[in-house]
Amino acid sequence: MMQDYNFEEYLRKTLSNSISSQNPSEAAKKEARKLSPSYFADLKEKLLIEYENKSLGDVMDCKKVKTSYGDVLKITKAEKIDFDLEDNNFKEQMNCNLKLLPKIGLKTEENLKKKGYTTIESLKNHDKYGDVAAKFIDKFDGMSYCEIIDLLDNNKYSKKCRDNVLKSISLTEPENFKFMDIETKGLSNVPIILIGVAEIKGNEIVASQYFLRDYTEEANIIDAYLSHLDEDSVHVTFNGKTFDVPFIKNRCMYNRIDADLDLAHLDLMYFAKNLWSDELPNCQLQTIERELFGIEREGDVPGQYIPGYYDTYLDEDNIGPVVPIIEHNAQDIISLASFLEKMYRDVN
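A.B. asks: What's the story with the overall build of the protein in this structure? I'm lost.
C.D. replies: Looking only at helices and strands, the protein has 15 helices and seven strands in total. When the 348 residues of the protein are sorted by exposure, 49% land in the buried category. For the protein, restricting intrachain contacts to residue pairs at least 6 apart in sequence, the fraction spanning at least 24 positions comes to 67%. Carbon together with sulfur atoms contributes 46% to the accessible area of the protein, which is approximately 18,900 Å² in total.

Right under this line is the structure:
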């Protein structure tokens, strides 16, 4: 009977978390209100009152910086971080992965290793694979990190290729990671209103955000972001391969900015689905924050409301509606660093 009671109690509590149940809990009602347009209309009005006659400099660490296109507002936030990637000797792991060579699959690799060819280096003495192994070793030593990721991504034989890409991050320096996210006026052919990039600097992660004060400054904020990039940079995003980077490329074309954004890119959304989909209700960024890192956000503004909030900021000359957008963006890019370090530990 006790087991039946516990199950019924569990079922009652579970159903009460649904707004469609007969007796929804207060928590369920609160979450439902947060999904309604009226909630975000009310929130916007509260923000207008709270931040009336204030500037972003009053509430955030801001300064104007110059770019080749003009001035831009830079918002900076720094937090302590323990970003430690223990050495995993990944080059030797790649040397042992014979499947990286053309025409070597699982069965062929197994047979070669039985004959004593345990590394690509040792295959240099093989009658059939010697030349291709020698060329691979010579090429690998001079490969950029971007080329190594492409090699791993495009290897059709390795079932653990996605894990290997995560393991490979030990081959580059942590300061090369550019944890990036953008906020926009819509889904296509509209301005970027905020670009955030976070970087590891010693024992801190430093977020730099470039905010579009008005529509004339889009080229400025893009140019400011590009100043963080060089040939060794690695984009780290959440759905950035599909959205953020192509969007920036499009806006570079619109603003006639010559930029090379074809850098190494780690899109953590795909790795999250591969690693954590069985243990999480979904693999959305904020779900991962809550379930794996205990981060609960308050006052977040979903993407569909951002254009309207930004318009109100311009119309009312009031920073209130854009404050949660900037805070949301900063949390996104800082969280990505924690995600990447945990993913690296999990696959190693």
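Picking up where we left off.
A.B. asks: When you look at the side chain of Glu199 in this model, what are you seeing that I'm missing?
C.D. replies: Positionally, Glu199 belongs in strand S4 (residues 192-201). There is a polar contact of 3.0 Å between the side chain of Glu199 and the side chain of His228. When neighbours within four sequence positions are excluded, Glu199 is seen to be in contact with Phe177, Lys178, Glu204, Ile205, Val206 and His228.

A.B. asks: Looking at this model, I keep getting lost on the packing of helix H3 (residues 37-50) against helix H14 (residues 306-316). Mind explaining?
C.D. replies: A packed helix pair is summarised by two numbers, namely the angle formed by the two axes and the spacing between the axes. Viewed as axis vectors pointing N to C, H3 and H14 meet at an angle of 30°, and their least axial separation amounts to 11 Å. Classified by the interaxial angle, the pair formed by H3 and H14 is roughly parallel. Classified by chirality, the crossing of H14 by H3 is right-handed. Here Phe40, Leu43, Lys44, Leu47 and Leu48 of H3 lie close against H14, whose contacting residues are Gly308, Tyr309, Thr312 and Glu316. Looking at the contact of H3 with H14 residue by residue, the classes come out as five nonpolar, two polar and two charged.

Definitions and cut-offs
Residues numbered from 1 in each chain as written. Predicted model: local features only at pLDDT ≥ 70, side-chain atom pairs only at ≥ 80, totals over all residues. Heavy atoms only, no water. Helix = DSSP H or I, 4+ residues; strand = E, 2+ residues; numbered from the N terminus. Buried < 20%, exposed > 50% of the residue type's maximum accessible area, 1.4 Å probe, protein only. Contact = heavy atoms within 4.5 Å. Areas by Shrake-Rupley, 256 points an atom, 1.4 Å probe, with all protein chains shown as cover. Polar contact = N/O pair within 3.5 Å; in protein donor to acceptor, adjacent residues only side chain to side chain. Axes fitted to C-alpha atoms, helices over the stretch in contact; angles between N-to-C directions. Parallel < 35°, antiparallel > 145°, perpendicular 65-115°, else oblique. Left-handed = near helix turned anticlockwise from the far one by under 90°. Nonpolar A, V, L, I, M, F, W, Y, C, P; charged D, E, K, R; others polar.

Read these as spatial facts, not as claims about activity.
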